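Chain by chain, the residues:
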Number of protein chains: 2
Amino acid sequence: MNALPPLSYDANGLIPAIVQDDATGGVLMLGYMDEEAVRRTLEKGLVTFWSRSRQEYWTKGETSGNVLRLKGIRKDCDADALLVRADPAGPTCHTGERSCFYRDLGVVE
Amino acid sequence: MNALPPLSYDANGLIPAIVQDDATGGVLMLGYMDEEAVRRTLEKGLVTFWSRSRQEYWTKGETSGNVLRLKGIRKDCDADALLVRADPAGPTCHTGERSCFYRDLGVVE
């Protein structure tokens with residue numbers, strides 16, 4: 001594959017990646033990628049993160065089957081955040097919710 | 001106002017905040033908030049970040065007029081990311097684009 005374009009990774013070598021449902025526009029989750037996770041995501045066509053808690057690469061859905069099939073990636077104006085558009089095979093959240101953002105903050109609305 | 005619910009801030013006391021256009025579902029930008037920025041956002045009804053580059057509070061649009069009027073805030077399943085729904089008064093990106101995510105990564109699509 002072609003070389004990856006330069007991105008601004010943080011002090012830990014990570015860049016936040018927002019995952020958006022390509023069909024509905026719903027925001028599904030926020031994860032973190034390093035350069036290798038970006039590369040794996042592009043090569044496999046499945047959204048792959050660096051898990052900060054487990055310190056390992058994590059292809060979303062590799063155990064549950066609820067993969068996120070890659071539709072496209074955008075970078076922001078200063079290249080320090082990614083917007084990943086994906087087609088989710090099932091619920092994205094480990095709770096069974098469609099999106100990890102299923103709770104209101106509690107003080108608004 | 002009521003007390004803020006507990007959130008998981010990072011080692012710098014920040015939490016990433018995805019801003020989504022409440023009307024269109026488009027993802028506009030990613031910024032960072034500390035607890036005070038969350039409080040100011042809720043009190044003013046205008047999305048306010050902690051600017052890591054300028055090291056100061058930054059109410060989006062306070063100089064350009066392109067404010068983000070708050071519609072609601074959700075937290076994710078482990079409370080370490082926010083999804084802020086807003087009504088943008090104009091282009092969100094400093095480039096004049098509607099969204100900061102206006103460029104494809106370059107190696108996909």
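Located above this text is the structure these notes cover.
Quick look at the structure, then. (Residues numbered from 1 in each chain as written. Chains lettered and ligands numbered in written order. Predicted model: local features only at pLDDT ≥ 70, side-chain atom pairs only at ≥ 80, totals over all residues. Heavy atoms only, no water.)

## Comments concerning the sheet that holds strand E1 (residues 15-21) of chain A
For the record, the criterion: Pairing between strands requires that DSSP locate at least two bridges from one strand to the other. In this description a helix means any DSSP run of H or I spanning at least four residues, a strand means any run of E spanning at least two, and both kinds are numbered starting from the N terminus.
Read from one edge to the other, the open sheet built from five strands follows the order E2(A)-E1(A)-E6(A)-E5(A)-E7(B), with strand pairing classed as mixed. The sheet is open, and its two edges are formed by strand E2 (27-33) of chain A together with strand E7 (103-104) of chain B, each paired on a single side. The pairing of E1(A) with E2(A) spans six bridges and is classified as antiparallel. When the bridges of E2(A) are listed, Pro16(A) appears paired with Tyr32(A).

## Topic: the interface of chain B and chain A
For the record, the criterion: Contacts are assigned to residue pairs that have any heavy atoms within 4.5 Å of one another. Once two parts are brought into contact, the accessible area they lose, counted with a 1.4 Å probe and summed over both, makes up the buried area. By definition here, a salt bridge exists when the distance from a side-chain nitrogen of Lys or Arg to a carboxyl oxygen of Asp or Glu is within 4 Å. Whenever a nitrogen or oxygen atom comes within 3.5 Å of another N or O atom, the pair is scored as a polar contact, on the condition that within protein one atom can donate a hydrogen and the other can accept it, and that pairs from neighbouring residues in sequence are kept only if both atoms are in side chains. Charged residues are taken to be Asp, Glu, Lys and Arg, nonpolar residues to be Ala, Val, Leu, Ile, Met, Phe, Trp, Tyr, Cys and Pro, and polar residues to be all remaining types, Gly included.
Contacts between chain B and chain A engage 42 residues on the former and 42 residues on the latter. Here chain B and chain A share an interface that buries about 3400 Å² over both sides, 66% of which is from carbon and sulfur atoms. The interface formed by chain B and chain A includes four salt bridges. In this assembly, chain B and chain A are joined by 13 residue pairs in polar contact (both at pLDDT 80 or more). The leading source of residues in the side of chain B that touches chain A is strand E5 (residues 68-75) of chain B, at six residues. Its residues assigned to classes, the side of chain B that touches chain A comprises 25 nonpolar, six polar and eleven charged. As defined by bridge partners, strand E5 (residues 68-75) of chain A adjoins E7(B) across two bridges and the pair is classed as antiparallel. Residue pairing across strands places Arg74(A) opposite Asp104(B), the latter belonging to E7(B).

## With respect to the pattern of salt bridges
Per the counting criterion, the structure on display carries 14 salt bridges over all chains. Here Arg74(A) and Asp104(B) are joined by a salt bridge, their closest N and O atoms 3.7 Å apart. Here Arg74(A) is found in strand E5, whereas its partner Asp104(B) is found in strand E7 on a different chain. Each of the salt bridges in this network shares a partner with another, and the network as a whole consists of Glu35(A), Glu36(A), Arg39(A) and Arg40(A).

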